[in-house]
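Letter by letter, the chains look like this.
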Amino acid sequence: MKLQEIQNYTVTEARNRLSIGKTKFYELMNSGELRYLTIGSVRRIPHAELARFQEARLRAA
């Protein structure tokens, strides 16, 4: 995959894609259940990580 094809979301964008609240989203990140990149002082969530997280949750249901 080429670098320009990789989509990284802000916390707000990723939360909206998962339709969950801010507190729950930060809990998932802090527990390591939802992985993220730290670039300087900001966090970015790769599209592939959101897909992985959703797939893992579907299997667990």
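Located above this text is the structure these notes cover.
Residues numbered from 1 in each chain as written. Predicted model: local features only at pLDDT ≥ 70, side-chain atom pairs only at ≥ 80, totals over all residues. Heavy atoms only, no water.

Novice: So what about unusual backbone geometry? Which residues, and what values?
Specialist: Phi is positive for Ser 19, close to 60°, though the residue is something other than glycine. Looking at the element boundaries, Ser 19 is found in the loop between helix H1 (11-18) and helix H2 (22-31). (Helix = DSSP H or I, 4+ residues; strand = E, 2+ residues; numbered from the N terminus.)

Novice: How would you summarise the pattern of salt bridges if you had to cite specific residues and measurements?
Specialist: In the structure shown here, the tally under the stated rule is 4 salt bridges. Two residues, Glu 27 and Lys 24, come together in a salt bridge whose shortest N-O distance is 3.8 Å. Of this pair, Glu 27 and Lys 24 both sit in helix H2, 3 residues apart, roughly one helical turn. The partner of Glu 49 in a salt bridge is Arg 52, and the shortest N-O contact between them spans 2.5 Å. Taken together, the residues span about one helical turn, with Glu 49 and Arg 52 both in helix H3 (residues 47-60) at a distance of 3 residues. Assessed through its relative accessible area of 5%, Glu 49 is described here as buried. By relative accessible area, Arg 52 is classed as partly exposed at 32%. Counted as one network, the salt bridges with shared partners bring together Arg 35, Glu 49 and Arg 52. (Salt bridge = Lys/Arg side-chain N within 4 Å of Asp/Glu carboxyl O. Buried < 20%, exposed > 50% of the residue type's maximum accessible area, 1.4 Å probe, protein only.)

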